[in-house]
Each structure stands twice: as C-alpha cells, then as structure tokens.
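Spelled out, the chains give:
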Number of protein chains: 2
Amino acid sequence: MKNIMSLLLLATAMEMAAVSITSPNGAFLLNVDVNAEGTPVYSLDYKGKPVIKSSRLGIVTKETDFTKGFHIAGTDTATVDRSWEPVWGEYSTVRDHFRELTVDLKAEHPERALTVRFRLFDDGLGFRYEMPVQNGSNYLTVTDEITEFNYTDNHKLYAIPGDYDTDEYLWSETTFSGLEDALKNYHRHSEAQRAEGLTVQTPLLIKTTDGVYINAHEAALDGYPAMLLDVDPATYSMKSHLVPDRLGVSAYLQMPFNTPWRTLIASDDARDILSSQLVLNLNEPCKIEDTSWIKPMKFMGVWWEMFTGNQKTWAYSDDHLAKPGVTDYSKLTPNGRHPANTENVKRYIDFAAANGIDGVLVEGWNEGWEDWASYRKNRQFLFDKPYPDFDLPALRDYAKEKGVKLIMHHETAANAADYELQLDRAFQFMKDNNYDAVKTGYVGAIIPRSEHHTSQWMVDHARHVIERAADYQIMVDSHEAPRPTGLCRTYPNWLAQESARGGEFESMGGNPPSHTCILPFTRLKGGPMDYTPGLFETRMSYYNEGKDSQAGTTLARQLALYMTMPSPMQMACDLPENYERFPDAFQFIKDVPVDWSDSRYLEAEPNRYITVARRDKHSDDWYVGAITDENARVAEIDLSFLPDGKYEAKIYEDAPDAHWKDNPQAYRIRTVKVKPGQKLRQPLAPGGGAAIQIRKL
Amino acid sequence: MKNIMSLLLLATAMEMAAVSITSPNGAFLLNVDVNAEGTPVYSLDYKGKPVIKSSRLGIVTKETDFTKGFHIAGTDTATVDRSWEPVWGEYSTVRDHFRELTVDLKAEHPERALTVRFRLFDDGLGFRYEMPVQNGSNYLTVTDEITEFNYTDNHKLYAIPGDYDTDEYLWSETTFSGLEDALKNYHRHSEAQRAEGLTVQTPLLIKTTDGVYINAHEAALDGYPAMLLDVDPATYSMKSHLVPDRLGVSAYLQMPFNTPWRTLIASDDARDILSSQLVLNLNEPCKIEDTSWIKPMKFMGVWWEMFTGNQKTWAYSDDHLAKPGVTDYSKLTPNGRHPANTENVKRYIDFAAANGIDGVLVEGWNEGWEDWASYRKNRQFLFDKPYPDFDLPALRDYAKEKGVKLIMHHETAANAADYELQLDRAFQFMKDNNYDAVKTGYVGAIIPRSEHHTSQWMVDHARHVIERAADYQIMVDSHEAPRPTGLCRTYPNWLAQESARGGEFESMGGNPPSHTCILPFTRLKGGPMDYTPGLFETRMSYYNEGKDSQAGTTLARQLALYMTMPSPMQMACDLPENYERFPDAFQFIKDVPVDWSDSRYLEAEPNRYITVARRDKHSDDWYVGAITDENARVAEIDLSFLPDGKYEAKIYEDAPDAHWKDNPQAYRIRTVKVKPGQKLRQPLAPGGGAAIQIRKL
C-alpha cells in the first residue's frame, strides 16, 4: 500500500486526495484531508450522519509550526483483529478490533514531518500524532495542540470545569449553550488552578441531539500533559487545551515521539459507552513480566473516622512546630485523638480477618501530619518514620498472623519532588514490613513549584512511581494523580485511582445519587476508581455532631456500587461497628468479588441509572448491580446472560419505604429462584439501588 | 544580662539605647540601633575607623514586613572561646573566639518578633536573623532581604557578576564607580540567568581606600537561597539580593528559622583574610558521628582528554537518538573515540598505582551522553548503567587489586529532580562496586524548572545529596552546585566543590595567572575548590590542533597550587603521558600531602601574589607554595615558622628564562639546606611559582 501511495504521490504531487476508512462493522466513516492552508483535517460520521464535522489537527511548538503547510505524502491502512487477557478487570478477554489509517504529512520551508495514526473501532475512534525526528532537531517545545472536535449541534454535555490541578467536581448536565452558566456555579479549589476561558475536562460525555452518546477522552497519557477541552458554544466546537507548566510550556519532547491517543467512544446505545474497552485497547500491552504478585483485593481503612472529623486527627500530636526528621516525636505530647494507634489498628485487623477482608489501610501512621503546610515547605512527610503510638513491627506481625495485609499510605502533600527523593527508601521500608500495596496522595499545590497536578512533569512522575513500585512488587492506588487513561493495562500494579469526586465527599457537602450514575460514563473509562463504597451509616451527624448532611444513597445502593463502580482494589469504607450493626447486609460485601470474567450492561442512561451484571472471575457466580438517581425506578433485569441451568438469586434491595434522604437504611434481603431468560423487575428507591448475587443450583 | 535588660526595658519602654560590643582583641567595634522608622541598623568600625556605616537590617515577606516598626526589646551578650578539630583542612585545631550580641526586636500592629545574632571575631563579623514563631503563622514567604553593607568610599572591588546559575567567571578588579563598566565585559552564559541591575556575587573582596581588606560572604547556607549583592556605586552601598526561584519567591520558611550568617572578614593585613576560619566557625559542628571513612585523597581522571576536545567524547556512540533505559546500548555502533573504556581506564589505574595516586575519576562511563539536551527532556542520565565498553566489574576488581579507588561521576545535566529520584540507587550501586567518592555535576538549566542553581530548593538539594551520601559513606566533590559557605565543617564528606572558574577553563579561553591569586581571597573562603591543578602540558594545541591558547601558568606554578589552593580532594589533572615526560617534577605531586596540621600565610596581595607554608598533617614536613601574577616577582619566604632543627628544602622553581607564555615548562629542581628564621628569596617567573618541600634532617 505504501509503495502504491508513493507512486500516486509522484503522479499527483501536492494534490493527494482525501482518504477515508470505515470501522469493521461499517458504523463509522472517517475522512482525512488537508485543507487549503495545508492544515490536516478529519471528520467522523456515525451511521451515515456526521458526529464530528471537519476538524483541524496539529501541534504548535516553539521551534516549528505543525499546523499548516502540510500535504499528504503517503497513507497506509491495515485491519487488526486480536485479543488480550487483562491481569484483572471487567472481562477475562478483551477484543481489540479496528481498521487503521496512517497519514504521513510533509511540509517544506522549513521541512517538517508529522504522522497521524487513526484507529477506527466498532465503538469509536482513536488517533494520535507521531512525530518523527525532524530535520535539524530532536527536540520540540510544545506550547499548544490545536486538535479540534467540531460537533454538529447544541448537544447535551456532562462536564466538569477545566482545571490543572483537580478533577474532584460534581458533574454538570448542560448543553453547549448552557455551559458558561453551568460552570459559574463551581467555586475554585483554593490550591488548584482552573483553566482560563470556557474549558472542560476529559473524560467528557456528550449526548447529541440525535441521541448519540460520545465519550471524549485520551488513552495512554505518558510523557505529555493531560488534555482539557476549550469549548466554543457558538460553533459547538471543542479544541484541545494542554495543561501547561507554571512557566507556560506544555511539553518538552524528544523525537521520535507519539502523543497520547485522542479518543471518541460513540454509540446510540448508552450501554456501549460503558462496555467499551477502546481506551484500554489503545494502551500498550502489559510491561510487567511476572504479574503473579498483583492481586485484586478488598480493604478497610483507618481513615473514615479521621475524615469525618469529630476531633480525630491524622496527627499524633498537636505540636504544630514538630518537624519530621528533626523533632524527637517520642517526646511530643500525644493528642489522644489519633486513630492510627496500635490498639485501634488491631481492632481493624481483627475485623478484617473475621470477615475475609484482605487488607487494612492505615492513614496518619507517619511523621509529618502536625500541620498542613504543603507547598510552603520543601519537606513534609517521612515515609519510614512511624508515629510513636504506631508499633509497626508489632502490627506487621499481628497482621501476618491474622492473614491480613496492611496497606501503606503515602500522603505527599503534593510534594512530588520530596516523594521521588524518598521513593526507594519508602518502598524498601514497605517490603521490609510486609506491605505490598500503597495508597498515594497529592493534596495541595505541587512541588516542584513549576508544575501542576496534570502537567507533563507530573504525568511522568506518576509513571515513575508506578514503575518503581513494580520494581518492588507493590500495588498502587493513587489519589490526586493525573486521571487515568488506561495505563493500568500496561502497568497492572496500578490497581486504582481516585481522580474524581469520591465517596469521601459525602462528608464534605455530599454527592447526589446521580453522581455515581455519571462516573461510569466518564471518569471510569480511563480505569478503576477508588470510590470507597460500602457506606452503611449515611447520616454525617453520626460521625460528627457538627455536620447535618447525609450521603446521597440508600444502604442497598452502596452494595450495588461494588458492581457499578468496579475496581480491583475495592474499599469497604465504613467503620467496623457500622458493619456489625448490619451483618446481613455486610454479608454481600464479604461475598462480592473484585475481579470479573464477564460483564453485561443491561440498562444505562447517564446521570439516571445503570444496571450491570458481572461474572466472578473465579466462579460461575453472577452479581448484578442496579442504581438510580434521586428518582425511584424499576430496573428491568434481563437474565438472558445466564447459561442454562437453575439459579438462586439473593437480592439485597431497598425496602418499599426506603429513601436516600429519609430512610436510607431500610433494606430487605430475599432469596428467589431464577432462570435464564427471565426478566426481573427490581424496584429501586429514590437514590437507591439493588445488589443481587446469583448462584447456580 | 537578659534579666537586667528586661528591667531596663521596663524603665525605658520603647527607648532602649543603642548597644555595642567590641571584638576580643578590640580591633572591631559593632554598633546596633533602631532608626526613626523602627528599622534595625548596625555599623562596624575597624581600628577606630568606620568600615560599614549605618546599614539597615530586615526581611520582607509576603505575610509581614520585618523591616520597620521595631524596637529593641532585649539584648544579651556573651564571650565564647573554644576550639574544634576539623576532620581535614588547613589546621589541625581551629580556635572559635568571639563576643556575641543578641538583639531581640519586637514590633506591634501586627505583632512581630525578630532576633539578630551578631558574633564579633578578631578577624571580622558574622550575623544572622533568627525568626521565632510569629503570632498566627509558622510560615513566611520571603521575597526580599534588605541587609545593607554601606561602605565608606570608592573602594576597590574584586568581583564577578551576579548570576543565579553560575559563578564560573573571571574576576574583575575595579571600584564602586568602575563596576558598571567592568560588568559590561562579561558575556552571558547561555543557560544561566544573570541578576538584573548592578549585582555581584559573594564571596566578594573589597580593598578600602584605607587599605583594609574585606571579604563579604555568608556562612552555613541551608534552607535559604544564596545571597548576591546589589551595588549602588553612588553611595558605595550594597544590599543583599536573594536568589529567587523562577516564580519570584526567594524562600519558603517554617518558623523558627535561622538565616545563614552574613559575614565580613576584615583586616589591614591581606594575609589575615586567607588565614581566617570565621566562615567555618559560624557553621555547625560535624553532624557525622563516625568520620573514619572520610579520607582526603589525590586523584587523576579520565576527563581532560575529553575536555580538551580533539574528537574524544564522553559519549560511547554518535547515535544522538539513543535514550538511556530505552535503547539497547549493546546494539549501538561505538564511535571509537570514547576514553572511558576498560583498556584506557586500566592504563590510568596502572599509572595511579605506580605513583601513589589514590583515585581515578572516570567521566562518560554511563548511558546518557549521546546528546546534551539538558532541560529539554525530563530524564537524561542513568547512574547505574555503564556503557558497553566500560566493564565495571572487571575495572572494580582490577582497581581493588591495584589498591586504587575508582571515583564515580554523576553528571545530572542540572536535572536535580532526576538525580533525587535515582539517588539511593546510584549510591547503592557505588557501594556495590567499591566506589566511595563521587564527582557530581549540574551543567545546564535546572530541573525542577522553577529553580535556579542557587535558589532555595537547590540549596536544599545540595544538602540532601550530601546527607544521603553520608548515609552510604560516600565523599562528594560537587560541581556547579551553590558555592560553599563552610558546610564542609558540618558535613566533612563534602570534600570539595568547583563553584568558580576552574582549571578546566584553560581549555576554554584560559585563566590569567592572576586568577589563582584572587580565588583564595574569595571563593576559597567558603571551602576547598576542586580547581584541578597539575597541568604540565599547557599548550592547548598539544591536545587539540584547533586550539592555540595556552594556560596562564608555568609548570612550576602548577606545583605551587597544591599549597595555595588547598583541597582534601586534589586532582593531578594532566594525562599520564605528560607526567611521564616530567618525572622529576611529578615527584612533587606524588609527595605533596592533601591534609594539613598548620598553615602560615607569608605574603599575600589579592590578584598579585600568595606565599603560604603548610605542615603535613601526618609528618613534620613543611610545604611552601608561592605564586605571582603575570609579573615576575621575588617571594620572601621567612622560615621562622620552622621549629628548631636542620632542614633540607627541595625547591621546584621556574628556570630563570621561564615565562607562562613563552617558556612554561622551564623549571629547575634544587635541594638546599635551610634553617629556622632564614629568609629565602625565591624568584618567580611571570605567571610562575615555586613549590618547596622542607624536611627535617
């Protein structure tokens, strides 16, 4: 093909015609061309109608302009159909089936070359820039990327504000024309920098006026900053907005370099957005040779009791002048409100051991929590200095004896530089003490001070941490890191990330029931989220007299989240005593797997409802989760996915009078016989949900 | 004293009188007061005449102003006379004798407190700010320090331009009024940022119109940026100019915090500037408990043959697309011009072993030298990946068998962040391979990109590297790091630093003979310099046909530098074959110690000449070094420092017709009998010198 194209080029010189490909199933048609200015452009049709109108492609660098003056110097196409087996996930096998179009662009005066590689799947499009060694320079300094996504109408948008440092926002359901007003409702996080202009983050969800759902995101973000989207509501267009460092540069690139993939998952069936593996497919295969040590897990945490306030603290002492590595902590006066103490941690270990929970996370175990002056000092936490009341050797031995894994916590206060300095020591300390998973945190403004949470340097940092962790056979659950783009395929020790407004916000203003009905359409397309489900006591006044809010959920819905928010590192977030109050409901958390061999999205509408069935990776048991927004609903659960046989379904459901606000703990558990093909009509309370365990008889 | 002062305060309220102290020998008088605006001021007299007129003190922070509104709330004085024994240095014992004045300043609206601690020595003044916990804030963000040094006349200045990134400049001998013109002669280093305005660096040397020599510098720079000096030639005044980060902040401070000491060494005898231990005295005592592993050394290097050009390279391959950690270097085509290869390194080891040289430094041994794109990529060098032609295990064993230590090279390309990430691995790799000293390098613009070479973060970085090195019992010779301020007392594994224009510049334009006549008055007051003496072949065309310059030195002078530029990590910089051409002169390098029990400065005038005698720490042998500028000179060497006895002096001197430019290798070696009290008249050629070994008979 390449040779033929070369001949064609000789014949037609600068006049090479536009090229197009269709997806394997014919649903998508991609056109690529170069416009009168020599700017590469593409457009995308779905089922015969345009979803992306002619949109420009290109990159702006300090050295050279990669947006104009190009002609198509050659193209190549290929069809690929292959499959791969994730270490963990929603499916035991993932099919990677696409048609590929590679467009080589050339320009003169000065000489430039740029390749755009498109992969058109049955469920959408991915494309990336491939920058070969340029004449005279191996290095480029990127200041902008002009990639456009020109939509066709005043579509519905499900969006959060563009921000260089945080994605912990509630989602707005709005339209192009309503976006500006919608974004006015967000207050700025004190230490985060919102992007200027009308800017949103990815993953972004769009529902077209024709009823087509589109998830816009990126895949394999590595060596490049995260992409936000500038929105022009007048033309319904969006343009890539690369997160810059604080000195105004977005990326320092060494040629040859491939950008992340820009992705559009699209379908007129909302369930296809949820089941799509497009983002994972565009990531590189697993780079870790021996993955036997990577083990999905459930865990509890000495965390919620601090997080909900009520005087309990991560800090051991109230001496806010204490300096880790300088102060002798054994001489400080303990504040007596420090849950990360030996006795309390043992209580969690006991509970986990008694209930088959694999791990116990302990926050506030190490020196450095006496104040929270992140950014204002160059060093804050030490990752190998336990507090005096946290008897690490004793707890290590106790946990081992009980068959429970302690999970380390590395809060960096966003001082990534300090973390890198300590990284080997921190991980060695973990291995020396039998830890094999860590929750990392980056709360605050980033150090190095030139950086943002999602600028190129921090994207690199995140990968370094994951790679270094893999060297030590450590699994990672990262909080406040760049939102995931499927890198967990390449580094499956990256079990989970936060990177969105998680369950913790139930203690900071609350998450409406709709919140977990949009996250699977948006944030989760990049990878699993450590959302921390399992909240049984939803009245915040229970934890803290000063708070009168309550979580936007019924108790039964919390069980459903284990299926609708799948993660190989899944928390049971509540306190042991709250689980002891509801042992029959807690049985579901004990039983539910965290790794799946198959998944079937049965019903879905963004921000409204999701019903999903998943098969345990290690048995033939199926688990169904169904959730709704603040409106009651009857989920239609079509059991045709079950193979022939007789089954028993144990249904954890909202009681008839349940309501997230007034009666969240009203649930029922019933067991019924079910069979393949049967349709269950499952009522869900306002803000409610249902969790069903289906076992073959 | 404090109590009496408190009573006084009650009586006089805001009207506490000025306070003054004198140095133990009475030569200095220090006055401290608060002016009408409530700004603390000080002045300094020497032998009855002012050297510093009333000069303001204070710090500007984003949160509060520490420059105005103060009154003296209390003072305290003390006299201290003690001594300490350095691990290595110019003296086996150092006397630390001073009168101390502590001035507690208070201000209201808002409430502020600031202490200034002055130490007045017989050879000068040191003072620092001590910032206690402030009402309401433990943290301050420093944007300026207004410390003034108001001189009295149009004094002579020996200065280099203020720069945030480099101090590798030739020195200007000028005056306040001539400074502006003098600084115009400097071209800007491409990747360094010169300070705006009329700014110079410290250590700065001043010679007053009265003939008083003053070295202005700082001591114990830690947790704070380096200090430059803004110069106002109209008023003969200087003001501290703190190096900012690239976002405009100079320091993030956690209270309580003590700034570095601002130092003024002063005397009407130039020799007192050279012998002063004031900067070391103001540093904290040694923090390393076991110092038995810290061993002064002489070393050679596989370095000069690359540095002088002539096609030889640090890089193994010319494939400038090679990426460390990605590329398989064993498959690259070697360029055949790579001296850091096993065979060549063995040749250096053989030579070192045969001549009692302790160590061999090898540069260009590790992956990453294929291009020099520092700053443009986030990762460059790997510190545990030897090149394919550098057989590290074989060389490790060979060096051990020969009793020679290999010295590691860590060039970071100024990517301090990357170095921190690799630090533990790099040091562990060194210990695993029997290395116990490292030369570090920071050529280029700093990453983190928010930083300069001498901004606070990099000052902290330097200390972290030294501390981490001490953990692994590794000695450090740092290049392109913040210039020294005596921290080698506290961390004696910090054997040497470059931090000035070194001998390497003989291959990049040359150093005039006067250069090494000013460095001991300026740069060396902070600590030893890795100047790399021992250059026997001074014609650059010898190394590289394309170069016609030559070093500003005779051969004999190079021997004298071992005394006039003392360092516990002292290089013999030339190629083995050049030493083999002059074996009788090389004998001096083989003999000369690198650690001393006593030092006597016999003659000195900045930029003109220095004559110094030093006693070997491990014998009763004395060594004299004498150097002159481009003018011939007769050094008067008064041997009264010798204890009673008969001595033999082996004199390595310029031949009568020697001249740095026309006849640099004309030297003579003669042995004469000498006795205490005798005065030797030792001729020195233009750009020449003499080295004398004196042994008791």
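In this text, all values refer to a predicted model and were calculated from it rather than measured experimentally.

Comments concerning the overall build of chain A
- Within chain A one finds 13 helices and 37 strands.
- For the C-alpha atoms alone, the extent of chain A along its principal axes is close to 80 × 65 × 50 Å.
- Expressed as a percentage of its 697 residues, the buried residues of chain A come to 66%.
- In chain A, 71% of the contacts between residues at least 6 apart in sequence involve partners at least 24 apart.
- When the accessible surface of chain A is split by element, carbon and sulfur atoms take 47% of a total near 23,200 Å².

Examining the relation of the copies chain A and chain B
- The transformation that overlays chain A on chain B combines an axial shift of 0.0 Å with a rotation of 180 degrees, and the residual RMSD is 0.0 Å. The relationship between the two copies is best expressed as a two-fold rotation axis.
- Of the residues that chain A buries at the interface, 100% are likewise interface residues in chain B, meaning the two copies contact each other through the same surface.

Description of the packing of helix α8 (residues 416-432) of chain B against helix α9 (residues 456-471) of chain B
Residue and element names in this part refer to chain B.
- The N-to-C vectors of α8 and α9 enclose an angle of 5 degrees; their axes lie 11 Å apart at closest approach. In this view, α8 runs roughly parallel relative to α9, as classed from their interaxial angle. On α9, the residues that touch Ala-416, Tyr-419, Glu-420, Leu-423, Asp-424 and Phe-427 of α8 are Trp-457, Met-458, His-461, Val-465, Arg-468 and Ala-469.
- Residues of the contact of α8 with α9, tallied by class, amount to eight nonpolar, one polar and three charged.

Remarks on the packing of aromatic side chains
- What the rule picks out here adds up to 77 aromatic pairs over all chains.
- Ring plane angle 75 degrees and centroid distance 5.5 Å describe the contact between Tyr375(A) and Tyr252(B), whose orientation is recorded as edge-to-face. On the criterion of chain membership, the pair formed by Tyr375(A) in the loop between β24 (359-362) and α7 (392-402) and Tyr252(B) in strand β20 (residues 251-254) is interchain, its members lying in two chains. Across the pair, exposure class does not vary: Tyr375(A) and Tyr252(B) are buried alike.
- Summarising the aromatic geometry, the rings of Phe536(A) and Phe582(A) are spaced 5.9 Å apart at their centres and angled 80 degrees between planes, so their arrangement reads as edge-to-face. With a gap of 46 residues between them, Phe536(A) in the loop between α10 (515-518) and α11 (555-564) and Phe582(A) in the loop between α12 (576-581) and α13 (583-591) connect regions that are remote in the sequence.

Here's the deal with the pattern of salt bridges
All names here are of chain A.
- Using the criterion set out here, one finds 93 salt bridges over all chains in the structure.
- Between Asp-328 and Lys-331 there is a salt bridge; the shortest N-O distance is 3.6 Å.
- Take Asp-328: its relative accessible area is 37%, and that puts it in the partly exposed class.
- Using a relative accessible area of 69% as the deciding quantity, one classes Lys-331 as exposed.
- Among the ionic contacts, a cluster of salt bridges with common partners joins Glu-100, Arg-117, Arg-119, Arg-128 and Glu-130.

Section: unusual backbone geometry
All names here are of chain A.
- In this chain, His-109 is followed by Pro-110 through a cis amide linkage whose omega measures -5 degrees.
- Secondary-structure assignment places Pro-110 in the loop between β8 (94-107) and β9 (112-121).
- Of note, the bond from Ile-447 into Pro-448 is cis; its omega dihedral lies within 30 degrees of zero at 15 degrees.
- Here Pro-448 shows up in the loop between β26 (437-441) and α9 (456-471).
- The phi dihedral of Tyr-236 is positive, around 60 degrees, even though this residue is not glycine.
- Judged by its relative accessible area of 23%, Tyr-236 is partly exposed.
- With phi around 60 degrees, Glu-480 is a residue other than glycine that occupies positive phi space.
- Its place among the elements puts Glu-480 in the loop between β27 (475-478) and β28 (494-497).
- Residue classification places Glu-480 among the buried positions, given a relative accessible area of 15%.

Some details on α9(B)
Residues and elements named next belong to chain B.
- Compared with the 22 Å implied by 1.5 Å per residue over 16 residues, the 23 Å span of α9 between its first and last C-alpha is a close match.
- Extensive coverage of α9 is indicated by the burial of 14 of its 16 residues.
- Once α9 finishes, Gln-473 follows within two positions and takes phi at roughly 55 degrees, a positive value.

As for the side chain of Gln134(B)
- Along the polypeptide, Gln134(B) turns up in the loop between β10 (124-131) and β11 (139-145).
- A polar contact is formed between the side chain of Gln134(B) and the backbone oxygen of Ala113(B), at a distance of 2.8 Å.

Some remarks on the sheet that holds strand β30 (residues 596-605) of chain B
Residues and elements named next belong to chain B.
- Here we have six strands laid out as an open sheet, ordered β30-β31-β32-β37-β34-β35, and antiparallel in their pairing. Two strands bound the open sheet, and with one partner strand each, they are β30 and β35 (667-674). Each adjacent strand pair in this sheet contributes to an overall mean axis angle of 15 degrees, direction not counted.
- Across eight bridges, strand β34 (residues 647-654) lies against β35 in antiparallel orientation. If you follow Ile-651 over to β35, its bridge partner there is Arg-670.
- On the sheet, helix α12 (residues 555-564) packs against β30, β31 (609-616), β32 (622-628), β34, β35 and β37 (689-696) and is oriented at approximately 120 degrees with respect to β32.
- Those strands touched by helix α14 (residues 583-591) are β32, β34, β35 and β37, and its axis lies near 120 degrees from that of β34.

Thoughts on empty space enclosed by the protein
- If you walk through the whole model with that rule in mind, you get 18 cavities of 30 Å³ or more.
- Estimated volume of the largest cavity: approximately 100 Å³.
- In terms of lining, the largest cavity is formed by 15 residues, of which the most central are Leu221(A), Pro482(A), Thr485(A), Leu487(A) and Trp494(A).
- Elements with a minimum of two residues in the lining of the largest cavity: α9 and β28 of chain A.
- Among the elements that take part in the lining of the largest cavity, α9(A) stands out by supplying three residues, more than any other.
- Partitioning the lining of the largest cavity into residue classes produces eight nonpolar, four polar and three charged.
- Here the second largest cavity is characterised by a volume of approximately 80 Å³.
- Among the elements of the structure, α9 and β28 (494-497) of chain B are those that each provide at least two residues to the lining of the second largest cavity.
- When the residues that make up the lining of the second largest cavity are grouped by side-chain class, the tally is seven nonpolar, two polar and three charged.

As for the packing of α12(B) against α14(B)
Residues and elements named next belong to chain B.
- Relative to each other, α12 and α14 sit at 5 degrees, their axes nearing to 10 Å. The pairing of α12 with α14 is recorded here as roughly parallel in orientation. Across the interface between the two elements, Leu-555, Leu-559, Tyr-562 and Met-563 of α12 pack against Ala-585, Phe-588 and Ile-589 of α14.
- Its residues assigned to classes, the contact of α12 with α14 comprises seven nonpolar, no polar and no charged.

Thoughts on the environment of His320(A)
All names here are of chain A.
- For His-320, the location among the structural elements is in the loop between α5 (304-307) and α6 (342-355).
- Using a relative accessible area of 38% as the deciding quantity, one classes His-320 as partly exposed.
- Separated by 35 residues in sequence, His-320 and Asn-355 have C-alpha atoms that sit 38 Å apart.

Some thoughts on the confidence of the model for chain A
- Within chain A, residue pLDDT values average 95, and 98% of them lie at 70 or more.
- Across the predicted assembly, pTM comes out at 0.95 and ipTM at 0.94.

Description of the interface of chain A and chain B
- Each partner contributes to the interface: chain A provides 42 residues, whereas chain B provides 42 residues.
- Summing both partners gives a buried area of about 3,900 Å² for chain A against chain B, and 48% of it is carried by carbon and sulfur.
- Broken down residue by residue, the surface that chain A buries against chain B is led by Tyr252(A), Arg376(A) and Leu421(A), which jointly contribute 19%.
- Residue Arg379(A) is joined to Glu420(B) by a salt bridge in which the shortest nitrogen-to-oxygen separation is 3.5 Å.
- On inspection of chain A and its partner chain B, the count reaches 25 residue pairs in polar contact (both at pLDDT 80 or more).
- When grouped by side-chain class, the residues that make up the side of chain A that touches chain B number 19 nonpolar, eight polar and 15 charged.

A short note on the pairing of strand β11 (residues 139-145) of chain A
All names here are of chain A.
- In terms of residue burial, β11 counts as a mostly covered element, since five of its seven residues are buried.
- Taken together, the three bridges between strand β5 (residues 59-61) and β11 define a ladder with antiparallel strand orientation. The partner of Ile-59 across the bridge, within β11, is Glu-145.
- Relative to strand β20 (residues 251-254), β11 runs antiparallel, the two sharing four bridges. Note that in β20 the partner of Thr-141 across the bridge is Tyr-252.

Rules and cut-offs
- Per chain, the residues get numbers from 1 upward, laid out in the order the sequence is written.
- For this description, chains carry letters from A and ligands carry numbers from 1, given in the order in which they are written.
- Whole-chain, interface and lining totals are the exception, using all residues; otherwise, since this is a predicted model, local features are given only for residues with pLDDT of at least 70 and side-chain atom pairs are given and counted only at 80 or more.
- The basis for every side-chain value is the complete set of heavy atoms in the structure, and neither hydrogens nor water enter the calculation.
- Helix numbers and strand numbers start at the N terminus; a helix is a DSSP run of H or I with at least 4 residues, a strand a run of E with at least 2.
- Throughout this description, buried means an accessible area under 20% of the type-specific maximum (1.4 Å probe, protein chains only), exposed means over 50%, and partly exposed covers the range between.
- Pairs of residues are marked as contacts when any of their non-hydrogen atoms sit within 4.5 Å.
- Surface accessibility in these figures is a Shrake-Rupley result with a 1.4 Å probe; residues are shielded only by whichever protein chains are displayed.
- A least-squares fit on C-alpha atoms brings the copies together, and the residues used are those whose pLDDT is at least 70 in both copies.
- Orientation is described by axes fitted as lines to C-alpha atoms, over the contacting stretch for helices, and by angles from 0 to 180 degrees between their N-to-C directions.
- Working definition: roughly parallel below 35 degrees, roughly antiparallel above 145 degrees, roughly perpendicular at 65 to 115 degrees, and oblique for all remaining angles.
- The classification used treats Ala, Val, Leu, Ile, Met, Phe, Trp, Tyr, Cys and Pro as nonpolar, Asp, Glu, Lys and Arg as charged, and all other residues, Gly among them, as polar.
- Note on aromatic pairs: the rings of Phe, Tyr and Trp (six-membered ring only in Trp) are paired at centre separations within 6.5 Å, and the planes decide the class, stacked below 30 degrees, edge-to-face beyond 60, tilted for the rest.
- Here, a salt bridge means any side-chain nitrogen of Lys or Arg that lies within 4 Å of a carboxyl oxygen of Asp or Glu.
- To estimate the expected span of a helix, subtract one from its residue number and multiply by 1.5 Å.
- For the purposes of these results, a polar contact is taken to be a pair of N or O atoms within 3.5 Å, where, inside protein, one atom must be able to donate a hydrogen and its partner to accept one; residues adjacent in sequence count only when each atom of the pair is a side-chain atom.
- In this scheme, strands are said to pair when DSSP sees at least two bridges between them.
- Using protein atoms alone on a 1 Å grid, points that fit a 1.4 Å probe yet trap it form a cavity, whereas open point sets bounded by protein on both sides within 12 Å along at least five of seven lines form a pocket; residues with an atom within 4 Å of a point count as lining.
- Grid points are joined across faces, edges and corners, and a volume is the space filled by probe spheres set on the points.
- Per-residue confidence from the predictor is reported as pLDDT, which spans 0 to 100.
- Note on definitions: buried area is the accessible-area loss of two parts on being combined, 1.4 Å probe, summed for both.

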